[in-house]
Amino acid sequence: MKYKGTIKTQKISPNPKRLAINAVRYATDEGGILTMRKEWLQEGQTQLSRDSNNRFSDYNRLSFLHLSMGDIQQIAFGDTKLCKDYFYQSAMYKSYACQYFNPQNTRNNGEVNLRALDYFEAAVIADAIEVAHKLGNQLLHANQNPMPPSVEKIEGALIHLFNGDDYQAKENFDFIRKHQDGQWTGSSVFDQINLYEALLEKNNQKFYDLFIDSLRQNRRDPNLVNFLDLLHIAIGKIAIKRGFELPIDTADCPQCLLQPEMRDYSHIKIYAPAEGFPWSN
């Protein structure tokens, strides 16, 4: 059905070749590619019933596997409900990993700071509001070293926008511009700032145009890990919650994930370790 809203739309490929190819691979379980992930997921859950000297690693692995499975469920099977269930679990397990993290015992700082923003985005996409607030704050307050300050500011801005803390987000943008000559700042950072500022300006058309340009640019990134564009779905969802129109429905940014909804995850089992959580004792 042709869009009849107020936004002047652009043409964009609805199903990038990379996604189309991999959707078929996973849907047909080519070479056991999906079966292996299911087995890894089961092993990860079973590991929690055994003795372990590294629950950080156990939960970190579970968070990654659930994120991957949610990604696959959407692009290969179009199962939005199951995608969100997996994303919810992924964010929960990442939050647990943050609580287990001890910088004295592991070098994986990047797993629990703003470099782990994908997991926050997963919580936003899953409409797991409380989990998104908790995990977002955990990532914001983690030690960000050795992340470049400009990257820290732009990554943190997404969480501030979700929290409705627009003033802090604006301060982050101002900091990046003020210090752009004295630290590493890639052009993509300024593209994100322009997109986010269009949201703050309540300029729907500008936001849409920048959103499409940014999505196209992301598709050209050779280092893509996920199939869904988690960043754009998350910021798009934030914009829609603020009353914006966002007429896009592509395989990597589907309308079914952009639209906010009320979700109850009380039916989802979240696995605890055999010894119980140390912070519950």
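Just so it is clear, the structure is predicted and the values come from calculations on it, not from any experiment. (Residues numbered from 1 in each chain as written. Predicted model: local features only at pLDDT ≥ 70, side-chain atom pairs only at ≥ 80, totals over all residues. Heavy atoms only, no water.)

(A) Spatial organisation of the overall build of the protein chain. On a plain count of helices and strands, the protein chain comes out with twelve helices and zero strands. Listing each helix as α and each strand as β along the protein chain from the N terminus yields α-α-α-α-α-α-α-α-α-α-α-α. When the backbone C-alpha atoms are referred to their principal axes, the protein chain occupies close to 55 × 45 × 35 Å. Taken across its 281 residues, the protein chain has 50% of its residues classed as buried. Summarising the internal contacts of the protein chain: among those between residues at least 6 apart in sequence, 72% fall at separations of at least 24. As displayed, the protein chain offers around 14,000 Å² of accessible surface, 49% of which is attributable to carbon and sulfur atoms. (Helix = DSSP H or I, 4+ residues; strand = E, 2+ residues; numbered from the N terminus. Buried < 20%, exposed > 50% of the residue type's maximum accessible area, 1.4 Å probe, protein only. Contact = heavy atoms within 4.5 Å. Areas by Shrake-Rupley, 256 points an atom, 1.4 Å probe, with all protein chains shown as cover.)

(B) Structural view of the packing of helix H6 (residues 129–140) against helix H7 (residues 149–163). Packing of H6 against H7 leaves a shortest axis separation of 10 Å and a crossing angle of 145°. In this structure, H6 meets H7 at a crossing whose hand is left-handed. Packed against H6, whose contacting residues are Ile129, Ala132, His133, Gly136, Asn137, Leu139 and Leu140, the element H7 presents Gly156, Ile159, His160, Phe162 and Asn163 at the interface. Partitioning the contact of H6 with H7 into residue classes produces six nonpolar, six polar and no charged. (Axes fitted to C-alpha atoms, helices over the stretch in contact; angles between N-to-C directions. Left-handed = near helix turned anticlockwise from the far one by under 90°. Nonpolar A, V, L, I, M, F, W, Y, C, P; charged D, E, K, R; others polar.)

(C) Just helix H5 (residues 117–125), in detail. Among the nine residues in H5, eight count as buried, and that is most of the element. If you check which residues of H5 are buried, you get Leu117, Tyr119, Phe120, Glu121, Ala122, Ala123, Val124 and Ile125. Residues of H5 that are buried in the fold lie against helix H3 (55–77), helix H4 (80–100), H6, H7, helix H11 (230–241) and helix H12 (255–258). Backbone geometry just downstream of H5 places aspartate 127 in the positive-phi region, at approximately 60°.

(D) Quick look at unusual backbone geometry. Omega for the peptide link from asparagine 145 to proline 146 comes to 0°, which places this bond in the cis form. Residue placement: proline 146 occurs in the loop between H6 and H7. The backbone phi angle of aspartate 127 is positive, close to 60°, even though this residue is not glycine. Inspection of the secondary structure puts aspartate 127 in the loop between H5 and H6.

(E) Region of the structure containing the packing of aromatic side chains. Scanning the entire structure with this criterion turns up 16 aromatic pairs. For the ring pair phenylalanine 207 and phenylalanine 244, a centre distance of 5.4 Å and an interplane angle of 85° mean the geometry is edge-to-face. Of this pair, phenylalanine 207 sits in helix H10 (residues 204–219) while phenylalanine 244 sits in the loop between H11 and H12, and the two are 37 residues apart along the sequence. Owing to a relative accessible area of 0%, phenylalanine 207 belongs among the buried residues under this scheme. Three or more aromatic residues joined by ring pairs form one cluster here, namely Tyr59, Tyr93, Tyr96, Tyr100, Phe277 and Trp279. Across from the ring centre of tyrosine 119, 4.3 Å away, lies the NZ or CZ of lysine 94, which sits over that ring. Note that lysine 153 overlies the ring of phenylalanine 175, its terminal NZ or CZ placed 4.9 Å from the centroid. (Phe/Tyr/Trp six-rings, centres within 6.5 Å; stacked < 30°, edge-to-face > 60°. Lys NZ or Arg CZ within 6 Å of the ring centre and 35° of its normal.)

(F) Structural context of the side chain of glutamine 144. As for its position among the elements, glutamine 144 is in the loop between H6 and H7. Of note is the side chain of glutamine 144, whose polar atom sits 3.0 Å from the backbone oxygen of alanine 142. Other than its neighbours up to four places away in sequence, glutamine 144 contacts Asn113, Leu114, Leu139 and Glu152. (Polar contact = N/O pair within 3.5 Å; in protein donor to acceptor, adjacent residues only side chain to side chain.)

(G) View of the nonpolar core. Ranked by internal contacts, the top residues of the largest apolar core, which has 88 residues, are Tyr59, Phe87, Phe120, Tyr196, Phe207, Phe211 and Ile235. At eleven residues, H4 tops the list of elements feeding residues into this core. (Core = buried A, V, L, I, M, F, W, Y, C linked by side-chain atoms within 4.5 Å.)

(H) Spatial organisation of the pattern of salt bridges. Summed over all chains, the structure comprises 16 salt bridges. Note that lysine 84 and aspartate 127 form a salt bridge whose closest N and O atoms lie 2.7 Å from each other. Residue lysine 84 is found in helix H4, and its partner aspartate 127 is found in the loop between H5 and H6; the two are separated by 43 residues along the sequence. One exposure class covers both lysine 84 and aspartate 127, and it is buried. The partner of lysine 84 in a salt bridge is glutamate 261, with the nearest N and O atoms 2.7 Å apart. Taken together, the positions of lysine 84 in helix H4 and glutamate 261 in the segment after H12 put the pair 177 residues apart, joining distant regions of the chain. For lysine 84, a relative accessible area of 0% puts it in the buried group. One network of salt bridges, in which partners are shared, links Lys81, Lys84, Asp85, Asp127, Lys237, Glu261 and Arg263. (Salt bridge = Lys/Arg side-chain N within 4 Å of Asp/Glu carboxyl O.)

(I) Inspection of the layout of surface pockets at higher detail. Put simply, the largest pocket is a space of about 1,300 Å³. In this structure, the largest pocket is lined by 46 residues; those nearest its centre are Asp118, Asn218, Asp221, Asn223 and Leu224. Looking at the lining of the largest pocket, the element that brings in the most residues is H3, giving seven residues. Class assignment of the residues belonging to the lining of the largest pocket gives a composition of 23 nonpolar, nine polar and 14 charged. (1 Å grid on protein atoms, 1.4 Å probe; cavity = no way out; pocket = protein on both sides within 12 Å on 5 of 7 lines; lining within 4 Å. Points joined across faces, edges and corners; volume = space filled by probe spheres on them.)

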